[in-house]
Amino acid sequence: MKEQLRLAIRAALDQCYSEESLNSGVSPDEIQLEIPKNPDHGDFSTNLAMTLAKPERKAPRKIAEVLVAALQGTPLCDKIEIAGPGFINFRLTAACWYEVLGQISTQGANYGRSQVGEGTKVQVEFVSANPTGPLHIGHGRGAVVGDAVASVLQAAGFDVQREYYVNDAGNQVQTLGRSILLRLRELQGEVIEFPEDGYQAPYVVDLATKLQTEHGDLKEMIENEAIELCSRFGVKEVLEWIEEDLKTFGITFDNWYSEKSLYDRDMVDQELAKLEEKGLSFKEDDALWLRTTEFGDDKDRVLIKSDGSYTYFASDVAYHMEKFDRGFNRVIDVWGADHHGYIPRMKAMLTGLGHPPEDLEVLLIQMVNLLRDGKPFIMGKRSGNFVTLKEVIEEVGRDACRFYFLMRRCDSQLDFDLELAKQQSSDNPVYYVQYAHARVCSINNNAAKSGVALPKLEDIDFSHLELAEELALVKQLARFPETVVSAALSYEPHRVIFYLQELAAQFHSYYNRYRVLVDDHATTQARLYLVNSVRTVLENALQLLGLSAPEQM
RNA sequence: GCGCCAGUAGCUCAGUUGGAUAGAGCAACGGACUUCUAAUCCGUAGGCCGAGGGUUCGAAUCCUUCCUGGCGCGCCA
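## Here's the deal with the nonpolar core
Here is step 1 of the chain: Within the largest apolar cluster, 145 residues are counted, with the highest numbers of intra-cluster contacts made by Phe90, Leu153 and Phe416.
Here is step 2 of the chain: Counting residues per element, this core draws most heavily on helix α20 (residues 521–544), at eleven residues.
Here is step 3 of the chain: Discounting chain neighbours no more than four positions away, the residues touching phenylalanine 90 are Leu5, Ile9, Leu33, Gly42, Asp43, Phe44, Thr46, Leu71, Cys77, Lys79 and Ile80.

Here it is in structure tokens:
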């Protein structure tokens, strides 16, 4: 709808130039068309005349007059007006709007999908929590946002892969192994002194218990081998927990990428060699450094320490280089905001390799402050005092939890109060939206009971949808596809949440004021058709965000 | 000290990427169920968009200097 109008405006502009009623010849790449806040200003509005004022050296309103004259006779519009400092306001014909209902019906579950991504290969890497303990609430936020960003990109026509990077090679994994081994000895009656920096949480004891039944007491093994076995066992077990928790949260990955496999395949050395070849790294004080300062970082960074071991950064560099080797045009990383200091060095690395820095987009997820009755929980894996994601989902519910995380922009902090989330669950916005969907289903049931079948497009007489509220609903439905596109291009899935709330509000209001099933058959059919279009869009949007669309509540 | 993010109604947050009179939910107050589900709707009230300066036809939005809160600044992961 918007695009058709845009084409008409461009044609009019060209016409003005060929008639020499305008002379600058300036043709903007994209004609800005916005939906005015004030409905009196029409369905769409453009500032074109104002942007042309300078090159044309004429008053904006004069230019607008010329453009409007050229636009007369377009079948799309009822009314074209010049307003304010030089806006041109368009009101589209009702017939034009009702075409949207036809589109929704023919496209069904695909309504809202588009091809603006043109199949560009995008990878979204998210969660990627260390496999040393269960996911907590902060991971949950990153998980939901990453998943929703991936979904929204898919809907906009990008070719998306979801990946989880498993840090199964570092010191943390060693620490987990040592912790398990100590707990194992403790189980066998030894008195041990558990170190400060070990994992103190009770789940480590669970892991030790399970290991004992599967592998025995490990008394025959030498210490290093025992730790290695404990590490591998722990990582495997914890990853299963993580995968399971994410699954109950509705999240699955296309690929689990092991850091250890990078070393096993010698990838780290190979990628580092490429950097050396390009003169991007250098040796100093027995260590190997990456020259990131040349590309905007404030310090050069160590890849290989003077003792010969690799830094975490080394495998990260290799990992990201390999992402592009795998053919992704764009790579999106979802990180906790506490890692923001790593962005400059990662971008520097890519720039050095000749990639534009925009090829890597890092979404920073701000912290979640978990509260209960207004009191903060102290988080921290080692202290053992944390609430797992699993517990939160069980307590608050999957849909409410996802909705809550998606409601705010990811770069603002979030207070998550468990008691509040539960207490407010009856007027939690997620139920508000889902209720709208359930209500349409209920109308359908009642229609069926009184023998009214769901009408087909060709049976509808749209002249029976003459109420202002009905037209407004159709306009809101028409906005869904562009909402998805803007959410995708800006990596902001919360836009879809706000869209859903607006659509549900409009529907509830309409529902309260008018009846769908009335005596007049033609009106009933038209309204039934309209509310089912609403239902389709609600369902598509909910599904896009991994939320359920219940038929009754 | 340097850097990143945030600061909008009493609270939690939106604000179409620079547009017209700054919006919603919760909380407060007043109304609406013999009619398709009241998990709903209608109405009232609530603002120095953290502060100052700048950019232009036009700023909550852009540039700058401060203030407040959070998070980073290792040959840790």
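Back to the text.
## Looking at the domain arrangement of chain A
Here is step 1 of the chain: For chain A, the domain assignment lists domain 1 (2–92), domain 2 (126–254 + 366–424) and domain 3 (428–544).
Here is step 2 of the chain: With centres defined by C-alpha atoms, the gap from domain 2 to domain 3 works out at 40 Å.
Here is step 3 of the chain: Among the residues of domain 2 in contact with domain 3, Val152, Phe403 and Met407 are the three that bury the most area, contributing 37% of the side total.
Here is step 4 of the chain: Run the count over domain 2 and domain 3 and you get zero salt bridges.
Here is step 5 of the chain: Listing elements by their share of the side of domain 2 that touches domain 3, those giving two or more residues are α5 (137–155) and α14 (398–406).

## Overview of unusual backbone geometry
Here is step 1 of the chain: Not every positive phi belongs to a glycine, and glutamate 20 is a case in point at roughly 60°.
Here is step 2 of the chain: According to the relative accessible area criterion, glutamate 20 is exposed, its value standing at 60%.
Here is step 3 of the chain: The phi angle at arginine 57 is positive, at roughly 55°, despite the residue not being glycine.
Here is step 4 of the chain: Of note, arginine 57 is situated in the loop between α2 (48–56) and α3 (60–71).
Here is step 5 of the chain: Residue arginine 57 is classed as exposed on the basis of its relative accessible area, which comes to 76%.

## Overview of the packing of aromatic side chains
Here is step 1 of the chain: Counting across every chain of the model gives 18 aromatic pairs.
Here is step 2 of the chain: Each ring, one from phenylalanine 253 and one from tryptophan 256, has its centre 5.4 Å from the other, and the planes form 65°; the classification is edge-to-face.
Here is step 3 of the chain: With a relative accessible area of 27%, tryptophan 256 lands in the partly exposed category.
Here is step 4 of the chain: Relative to tyrosine 319, the ring of tyrosine 257 lies with its centre 5.0 Å away and its plane at 45°, an arrangement referred to as tilted.

## Side note on the sheet that holds strand β4 (residues 87–92)
Here is step 1 of the chain: Across the sheet, which stays open at both edges, the four strands sit in the order β1-β2-β4-β3 with antiparallel pairing between neighbours. Two strands lie at the open edges of the sheet, namely β1 (33–34) and β3 (77–83), each paired on one side alone.
Here is step 2 of the chain: Bridge count between strand β2 (residues 44–46) and β4: three bridges; the pairing is antiparallel. Bridge pairing in β4 links serine 45 to asparagine 89.

Rules and cut-offs
Residues numbered from 1 in each chain as written. Chains lettered and ligands numbered in written order. Predicted model: local features only at pLDDT ≥ 70, side-chain atom pairs only at ≥ 80, totals over all residues. Heavy atoms only, no water. Core = buried A, V, L, I, M, F, W, Y, C linked by side-chain atoms within 4.5 Å. Buried < 20%, exposed > 50% of the residue type's maximum accessible area, 1.4 Å probe, protein only. Helix = DSSP H or I, 4+ residues; strand = E, 2+ residues; numbered from the N terminus. Contact = heavy atoms within 4.5 Å. Domains from an automatic or database assignment. Buried area = accessible area lost by both parts, 1.4 Å probe. Salt bridge = Lys/Arg side-chain N within 4 Å of Asp/Glu carboxyl O. Phe/Tyr/Trp six-rings, centres within 6.5 Å; stacked < 30°, edge-to-face > 60°. Pairing = 2+ DSSP bridges.

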